[in-house]
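# Observations on the three-dimensional arrangement
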Amino acid sequence: VILSKRNELGLLSNFAATPIVLDDVRYASLEGFWQMMKYPEGPSDARSNVPGITWPMTRADVGQLTGFAAKDAGKVGSEAMKKLGINWVTYQGKELGYKTPERGDHYKLIVAATWAKVRQNPEVQMLLLKTGDLILKPDHKQEPDASPAWKYFEIYMQIRLELQAEAKAKAESH
């Protein structure tokens, strides 16, 4: 089944206004969380005061965006990354490899944020479970060499498997 922003399954989109709290910080959406990592964490961040790079928002502002507004804010961060020649973002002061083929720290953080979305938004969890064993696919073309962190549909299928196993174990214990 295609995960489209334009139907009921849009709740599973990173763009959806499904807030999460991760490490005691609230983000308006998974997309806002994702894109804010491209922004400087503060004045001591190497990305902060680079000639020719203007940050129209703060990192905290980006974390409160949803949908295309968050994606557009991320484009500013992506352009800055190109100008700086970097392939990393930051979270809590740690540089995380961004577009990488391995399931490194960035991937693990995205999985944790996706779990937060599923656990903290009961309607998301219910919808994900309603997809049963369907194969989830994105509603847009992905690069053949897309980083595992970008394959949100695969992350959701793994989370769904774990939720189904939890439900089965709970049912069997009663």
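Refer to the structure printed above.
Below you will find a few notes about this structure. Just so we're clear, the structure is a prediction, and the values are computed from it rather than from any experiment.

All right, on to the nonpolar core then. Looking at soluble globular proteins, one finds that nonpolar side chains tend to be buried together. The biggest cluster of nonpolar side chains holds 47 residues, and the ones touching the most others in it are Leu22, Phe33, Met37, Tyr91 and Leu128. It is helix α4 (residues 105-120) that contributes the most residues to this core, eight residues altogether. Each residue touching Leu22, except ones within four places of it in the same chain, is listed here: Tyr27, Phe33, Tyr91, Leu109, Ala112, Ala113 and Ala116.

A few words on the pattern of salt bridges. Pairs can form between side chains of opposite charge whenever their charged atoms are close. By the definition in use, this model includes eight salt bridges. Residue Asp72 is joined to Lys75 by a salt bridge in which the shortest nitrogen-to-oxygen separation is 3.5 Å. Of this pair, Asp72 and Lys75 both sit in helix α3 (residues 67-84), three residues apart, roughly one helical turn. Lys75 sits in the partly exposed class, given a relative accessible area of 48%. Put simply, Arg119 and Glu166 hold a salt bridge, and the shortest N to O gap is 2.6 Å. In this pair, Arg119 sits in helix α4 while Glu166 sits in helix α6 (residues 152-172), placing the two residues 47 residues apart along the sequence.

The subject of this paragraph is the packing of α4 against α6. Look at α4 against α6: their axes get within 10 Å of each other, and the N-to-C directions meet at 55°. Between α4 and α6, the angle is such that the two are oblique. As α4 packs across α6, the resulting crossing turns out to be right-handed. The residues of α6 that touch α4, namely those facing Tyr107, Ile110, Val111, Thr114, Trp115, Lys117, Val118 and Arg119, are Ile155, Tyr156, Ile159, Glu162, Leu163 and Glu166. Classifying every residue of the contact of α4 with α6 by side-chain character gives nine nonpolar, one polar and four charged.

On to α4. An ideal rise of 1.5 Å per residue puts 22 Å on 16 residues; α4 measures up with 22 Å between its terminal C-alpha atoms. When we look at burial in α4, the residues that qualify are His106, Tyr107, Leu109, Ile110, Val111, Ala113, Thr114, Trp115, Ala116, Lys117 and Val118. Lining the buried residues of α4 we find β2 (20-22), α1 (30-36), β4 (88-91), β5 (94-97), α5 (122-130) and α6.

It is worth spelling out the pairing of β5 at this point. Judged from the four bridges that link them, β4 and β5 form a sheet pairing that is antiparallel. When the bridges of β5 are listed, Tyr91 appears paired with Lys94. Hairpin connection, β4 to β5: the antiparallel pair is bridged by two residues, and Gln92 has positive phi, about 50°.

Here we take up α6. The terminal C-alpha atoms of α6, which comprises 21 residues, lie 30 Å apart, in line with the 30 Å expected from a rise of 1.5 Å per residue. When we look at burial in α6, the residues that qualify are Tyr152, Phe153, Ile155, Tyr156, Met157, Ile159, Arg160 and Leu163.

Moving on, we get to unusual backbone geometry. In the Ramachandran plot, Asp23 falls in the positive-phi region, its phi being about 50° despite a non-glycine side chain. Inspection of the secondary structure assignment puts Asp23 in the loop between β2 and β3 (25-27).

For the structure on display, the rule yields seven aromatic pairs. Relative to Phe33, the ring of Tyr27 lies with its centre 4.9 Å away and its plane at 75°, an arrangement referred to as edge-to-face. Residue class for Phe33 comes out buried when judged on its relative accessible area of 0%. Here the aromatic residues Tyr27, Phe33 and Tyr91 are joined through ring pairs into a cluster of three or more.

Conventions adopted
- Residues numbered from 1 in each chain as written.
- Predicted model: local features only at pLDDT ≥ 70, side-chain atom pairs only at ≥ 80, totals over all residues.
- Heavy atoms only, no water.
- Core = buried A, V, L, I, M, F, W, Y, C linked by side-chain atoms within 4.5 Å.
- Buried < 20%, exposed > 50% of the residue type's maximum accessible area, 1.4 Å probe, protein only.
- Helix = DSSP H or I, 4+ residues; strand = E, 2+ residues; numbered from the N terminus.
- Contact = heavy atoms within 4.5 Å.
- Salt bridge = Lys/Arg side-chain N within 4 Å of Asp/Glu carboxyl O.
- Axes fitted to C-alpha atoms, helices over the stretch in contact; angles between N-to-C directions.
- Parallel < 35°, antiparallel > 145°, perpendicular 65-115°, else oblique.
- Left-handed = near helix turned anticlockwise from the far one by under 90°.
- Nonpolar A, V, L, I, M, F, W, Y, C, P; charged D, E, K, R; others polar.
- Expected span 1.5 Å × (residues − 1).
- Pairing = 2+ DSSP bridges.
- Phe/Tyr/Trp six-rings, centres within 6.5 Å; stacked < 30°, edge-to-face > 60°.

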